[in-house]
Amino acid sequence: MKKLLLIIALAQVGNLLAQAQKELSQKVYRAVPEKINNLVHTKLNASFDYKQARLNGNVWITLKPHFYATDSLQLDAKGMDIKQVALVKAGKNIPLKYQYDGWLLKINLDKSYNRNENYTVYIDYVAKPNELEVKGSAAITDAKGLYFINPTGEEKDKPTQIWTQGETEATSIWVPTIDKTNQKTTQEFNLTVPAKYVTLSNGKLVKQTKNANGTRTDSWKMDLPHAPYLFFMGVGEYAVIKDSYKGKEVSYYVEKAYEKVARKIFGNTPEMMQYFSTKLGVDYPWIKYSQITGRDYVSGAMENTTATLHQESAQQDARELTDGNNWESTIAHELFHHWFGDYVTAESWSNLTVNESFADYSEYLWAEYKSGKDEAAYINWSAMNGYLNSKADASKHLVRFYYDTQEDMFDVVSYSKGGRILNMLRNYVGDDAFFKSLNKYLTDNKFGNGSAHKLRLAFEATTGKDLNWFFNQWYFNNGHPSLVISNAYDATAQKAMVVIKQTQSNGLFQLPVTIDIYNGVNKKRHLVWAKNTADTFYFPSTTKPDLINVDADKVLLAEKKETKTIEEYAHQFKYGGHYLDRREAIDMAAKKITEPAAYAIVAAGLKDSYFRIRMKSLGSFGNAKLDNATISLIEKMAKSDASKLVRADAIAVLGQLKNASYTSEFEQYINDSSYTVAGAALMALNDLDGKKAYGIANQLAKAPAKGRLSAAINSVIIANGDETAYDYIMGNFNKMPLSQEKFSALSSIVEFLSKVTDTDKFKAGVDAVVNFRNEIPAGVRAQTDPVINNVFLKGLASKKEAAGAQALADYVKDKIKN
C-alpha cells in the first residue's frame, strides 16, 4: 500500500512538474534563431534500408559564417548514428573533432573562418526515424521526419512508399542541417532506390543511373535556395502524369489505380499557377511543380518546394469526382505556399502567419476566381466560424513570441483567423493596393525571410497609410470584437440610427464598417468607424428603411448580435446579394418556420442559383408541414438538380416524408454515379423498407464504396443486421485514414458493437475505436476525447451492462480510464 501511495505521489509530482515546465516555457521569449553560420549548399547521397527503416547517408554541407568569424559549427541531427565528420579540403576529408548528444552535433572546425570564406563539412551517418520519440501538432500529427510505409510489403492492400515531412524541424531527423526557417540552401539529392520505384525530390531530375545490384540512383538538383524544412524525398510505385506551365514541368504522382483521373484531381494546377502569378505580379519562381500522394500521411498536405505531398484522401475515384473535387482548396493552398512560405519564408515560427494565413486565404482567392463570389464567401464564413467556435484560441496572438513548442503555432489562429484578417485588410485598402503590396513584400524579401512587420512596411510603402493600428490589434493582440448592433428610425427627424456596441473584454477595436441602407431596391452605402464602447450613427432617410445592413460586405471578424424582423430578413434575402445575406435570412427563418413569411424565405432558397443555399434551405424546414408546391420542387431537385450534393439532400428530405410511392425512385437513385446520391437514396429507402434496403446494402458491400454510400451501407447493415457483418464493418473502419469522416462513423460503429457478443471481436472493435481516439493530435483531443469517452464509449458500456455483459462493459470502462 505504501508503495502504491508512493507511485501515486510520484505521478502527481510528475504532472505538476510537467505543468510547471509548460508554464515556464510559455514565458520564454521565442526569438528569431541566431545566425552564426549560414547554409549555402547541401549535397546528399542516400540509400534506404527497408527492413530496418533506416537511411544510410553521406552529406556534404557547405556553409559560411553569417557575420562574425567562427571556429565551430552546430548542426541539428536527431537520433542518428554518426560514423564520420570531416572537413573537405583540396579533395580530401580531414577528420574533425565533434561532440554529439543524440540531438545536436557540435563540430570543432580546423580554424576560424570569416564571413567571406565558405567551407564544406562531410558527414557519414545513419538516420533511424522509427527509433526516435517525437510528437506532432494539431496540423501535423507526427514528427519523425522520414516515413517508411509498408516497407517489407507485409500489408497486402498497401503500397510500399517512403516520404518525408520536414515541418517543423524534422528534416534533421534524416539529414544533418541547421533546421531553422531563417536558413536557406541550394541542394543536390542523389537517391538510390530499387529500380522498380520512381522518386521525387526538390528541383529538377538531372540524371538517372542504373546500378548493377538492381537499384537506380536518381539525381535531383535545386539551384534556388530554400529552407531545410522544405526538403523532400518521395519513393514508390507511381503513375506520373505530366502537364506544363510556361515550359516548366507540372506533374502528378498518383497510385496507378488513379492514373486515369489524375487530371480531374490536379488538372487545374497550371491555371492556378497562371492566376496566382498574375495576381501577385511574381511569376511562379521555381523550375518545376510536382504533386505526389502518400499513404498514412501525417497531415493534409505539405508545400515542399517544387514537390508538394498530399495525403491519400486527395486520390478520388471517378464516382467521388462527380460530386466535385473536394481537394481543390488544398491544391490551391499548397501551391500558394510556393510564394508565401517557400519563396519568402517566415523568419521564425512566431511569424507563421506570413506562411499559413496567406495559404489559407489563397483558398478564398482561387474560389473567387474559379467558382464565383458565393463560393469564396462560403469559404470565408466556414473558416471564420471555425475560429469563432474555438473559444480557447481567442486568447492567442496571431504573432506569438511565447509558446510551449513551435508545433503549438499550427492552429486556427495562424490559419483561419489570419486568413480572415487578410480579407479585412484587402477590403480596407482595396484590391489594387492589396496585390501591389503583396508584390512589394515578395519582391523585397525574395529567397529570404518575412515577418508581420515586413508585411506592414510593404503595405505602408504602397498605400501611404499608417497601418500600425491595424497590425497592432489584429497581429499583435488577441481576440476579436463582440458586437451588439441595433437600429431605429426617427420619423420626425427623418433619420435612421445605428448603434454598435463593443462588449468584448480584451480592449476596444478600431473597425471600419460599411452600412447599406435600403429603400425598396435602392441602397445607399455609408462607411463609419466604430472605435468606442458604444458608437451611434445617424443617416438621413425620408422614410423608414426596409433594411439596414451593417457590415454589408460581411468581412468583419467578429461575433455579432443583431435584431431584425422577419420582413427585414426577407428584404435582405431578396436584395442583399451576399452569400451571408441569404444564409443569415434562412437561419432566422428556420427558427420561425411555422410563420408564412419565414416559410417563404426558406422555400425561396430552394430556387437560389448557388447550390449551397439550396442545400441550406433543404435542411431548414425542420418539422414544418411541406406544401405541395415545395414537395413538387424538391422532387424535381432530387431528380435533376445540377449539383449532386443538392440532389442527395433533396432525396434525404423526401425520405423523411416516408411516402411509399417514392420506393422505386429511391431504388433507381441508388444506382446513380454519385456516391453521395446513392448513399442518400439507400438511407431514404431504409426509412421506407428496411428489409429491402438491407438486401441491397449487402449486395453493394461486395464492391468498393466511398463517402456517403459507404456510410449508408454500414448504417443499413448495422440497423438491420447482426454481428455476422463484423469483418465488413470493422474492416472498413480500420481502413479509413485519420479524418473527419472516420470520426463521423463512430456513432454507427459503437451502435454496431453494442450488438456484438463475441468477446474477442468486441474487444478488437473497442480497441479500434480507442486506437483512433489516441491517434488524434493532442491539440484536437481536448475536443474529441470527451465525445469519444463520455458519449460513445460510456454509452456502449451502459448498453452492455443493461444486456448483462458486465465483463464487456468493464473492458470498455478500463479503456476510458486509460
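Conventions adopted
- Residues numbered from 1 in each chain as written.
- Predicted model: local features only at pLDDT ≥ 70, side-chain atom pairs only at ≥ 80, totals over all residues.
- Heavy atoms only, no water.
- Pairing = 2+ DSSP bridges.
- Helix = DSSP H or I, 4+ residues; strand = E, 2+ residues; numbered from the N terminus.
- Axes fitted to C-alpha atoms, helices over the stretch in contact; angles between N-to-C directions.
- Contact = heavy atoms within 4.5 Å.
- Salt bridge = Lys/Arg side-chain N within 4 Å of Asp/Glu carboxyl O.
- Phe/Tyr/Trp six-rings, centres within 6.5 Å; stacked < 30°, edge-to-face > 60°.
- Buried < 20%, exposed > 50% of the residue type's maximum accessible area, 1.4 Å probe, protein only.
- Expected span 1.5 Å × (residues − 1).

Please give an account of the sheet that holds strand 28 (residues 547-550) that cites residues and values.
If you walk across this open sheet you meet the three strands as 26-25-28, and the pairing is antiparallel. Only two strands of the sheet have a single partner each, and these edge strands are strand 26 (522-530) and strand 28. Neighbour-to-neighbour, the strand axes of the sheet open up by a mean angle of 20°, direction not taken into account. Running over the sheet, helix 12 (residues 566-575) touches strand 25 (511-519) and strand 28 and is turned about 70° from strand 28.

So what's going on with the pattern of salt bridges? Residues and values would help.
Counting across every chain of the model gives 47 salt bridges. Here Arg456 ties to Glu460 by a salt bridge, and the two come within 2.9 Å at their closest N and O atoms. With a gap of four residues between them, Arg456 and Glu460 both fall in helix 10 (residues 452-463), about one helical turn apart. Linked by salt bridges that have partners in common, Asp393, Lys396, Arg400 and Asp411 make up one network.

Mind laying out the packing of aromatic side chains, listing which residues take part and the relevant values?
Tallied over the full model, the rule gives 50 aromatic pairs. Taken together, a centroid distance of 5.1 Å and an interplanar angle of 85° make the contact between Phe434 and Phe435 edge-to-face. The pair formed by Phe434 and Phe435 is uniform in burial state, with each residue classed as buried. Ring plane angle 85° and centroid distance 5.7 Å describe the contact between Trp469 and Phe470, whose orientation is recorded as edge-to-face.

Quick one: what's the story with the side chain of Ser277, residue by residue and with numbers?
Note on placement: Ser277 falls in helix 3 (residues 269-280). Its relative accessible area of 5% is what places Ser277 among the buried residues. Once residues lying within four places of it in the same chain are set aside, the contact partners of Ser277 are Tyr245, Val282, Asp283, Tyr284 and Trp339.

Tell me about helix 21 (residues 707-720), and name the residues and values.
The terminal C-alpha atoms of helix 21 lie 20 Å apart, and with 14 residues this matches the ideal 20 Å at 1.5 Å per residue to within 8%. The complete set of buried residues in helix 21 reads Leu709, Ser710, Ala712, Ile713, Asn714, Val716, Ile717 and Ile718. Here the buried face of helix 21 lies against helix 4 (318-321), helix 19 (675-688), helix 20 (690-700), helix 22 (726-735) and helix 24 (746-753).

Can you tell me about the environment of Met730, naming the residues and giving the values?
Among the structural elements, Met730 can be located in helix 22. Along the chain, Met730 and Leu753 lie 23 residues apart, while their C-alpha atoms are 9.4 Å from each other. Excluding anything up to four places from it in sequence, Met730 contacts Ile749, Leu753, Gly765 and Ala768.

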